[in-house]
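Descriptive structure summary
Here is what each chain is made of, one letter per residue.
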Amino acid sequence: MTNKYMYFIANWKMFGDLKTINSLDKVIKFSKSHKKNKFKLIYCPPNTLIRPISKRLGKTNIEVGAQNSHQNLDYGAFTGQVNSKMLKSVGAKYVILGHSENRMAGEDDNLINLKIKNSIKSGLKIIFCIGETLKQKRDKKTNQVLNSQLKKGLKSIIKINDIIIAYEPVWSIGTGLIPSSEELSKSIKFIKSKFGKKSPKVLYGGSVNSKNIDQLKIIPDIDGFLIGGASQNPKKFIDIIKKTIN
Ligand code: PGA
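Here goes a summary of the coordinates provided. Quick caveat, the model's predicted, so the values are computed rather than measured.

1. Quick look at the nonpolar core
Among the nonpolar cores identified, the biggest contains 59 residues, and Phe8, Ile116, Phe128 and Phe225 are the most heavily contacted of them. By size, the runner-up hydrophobic cluster in this structure holds twelve residues, among which are Tyr7, Ile9, Tyr94 and Ile127.

Structure (structure tokens):
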């Protein structure tokens, strides 16, 4: 049981169609039956579902975010891309940036920094993902990598209040593996230490499920979870939330 205000962010990745939205009803019902001040729920579906999901959520206190944005603030000839203003205009309040799946597809720290700055300008809050690869972990470079990703990704950003950090070790995403409690505590502490008293919220992401949540929720200083696979199933998602807050 934790009394802290916790974030639960659903990252649907490239999954879901209009029918999938029906699965939200269970989560809406669950959320309505709980005190507002205990947790924050944010859905980050594919762009195609942002509008219909925000309509379905209506006046609930569940919010919607996107999974990436193009760095340009204005319209432009960028086939297949969507910028932060466009995402905001269809109901997104947040955007995930720096996710390792996009870093692996070629996004570097400078590009991520630009995306963060311009998404803030558009009025979005940022879910900024950082995390080390398995090789970097084995080489004992975790802190070095986190430090560098934080420094470069957040370069010249003053509005730290608009940022939520998601610590997602690359080796834990979709693998069923999670860091030991000691490793995770250390990394969360390390990230927070970079900001002093004004630290943003720091979440954990990577293979969070209803079985390992008991171990994860007791990590000191953890402010919530970014959940991929398990967030697509309302029962599993609710289970994770229940186990954390009850
Ligand atoms: P996972 O994904 O929970 O399926 O490991 C987490 C993420 O990529 O954000």
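From this point, the narrative continues.
2. Digging into the environment of Ser89
With respect to the element layout, Ser89 can be found in helix H3 (residues 84-89). For Ser89, a relative accessible area of 55% puts it in the exposed group. For Ser89 and Ser122, which are 33 residues apart along the polypeptide, the C-alpha to C-alpha distance reads 9.6 Å. Side-chain polar atoms of Ser89 contact the backbone oxygen of Met86, separated by 2.7 Å.

3. Topic: the pairing of strand S1 (residues 6-11)
Counting buried positions along S1 gives six out of six residues, so the element sits mostly inside the fold. Residues of S1 alternate between two faces, with Met6, Phe8 and Ala10 on one and Tyr7, Ile9 and Asn11 on the opposite face, all of them buried. Where S1 lies against strand S2 (residues 39-44), six bridges are found, and the strand directions are parallel. The residue of S2 that forms the bridge with Ala10 is Tyr43. Chirality of the crossover, the property in question, places the unit of S1, helix H1 (residues 24-32) and S2 among those that are right-handed.

Scoring rules and cut-offs
Residues numbered from 1 in each chain as written. Predicted model: local features only at pLDDT ≥ 70, side-chain atom pairs only at ≥ 80, totals over all residues. Heavy atoms only, no water. Core = buried A, V, L, I, M, F, W, Y, C linked by side-chain atoms within 4.5 Å. Buried < 20%, exposed > 50% of the residue type's maximum accessible area, 1.4 Å probe, protein only. Helix = DSSP H or I, 4+ residues; strand = E, 2+ residues; numbered from the N terminus. Polar contact = N/O pair within 3.5 Å; in protein donor to acceptor, adjacent residues only side chain to side chain. Pairing = 2+ DSSP bridges. Right-handed = clockwise from strand over helix to strand, strands pointing away.

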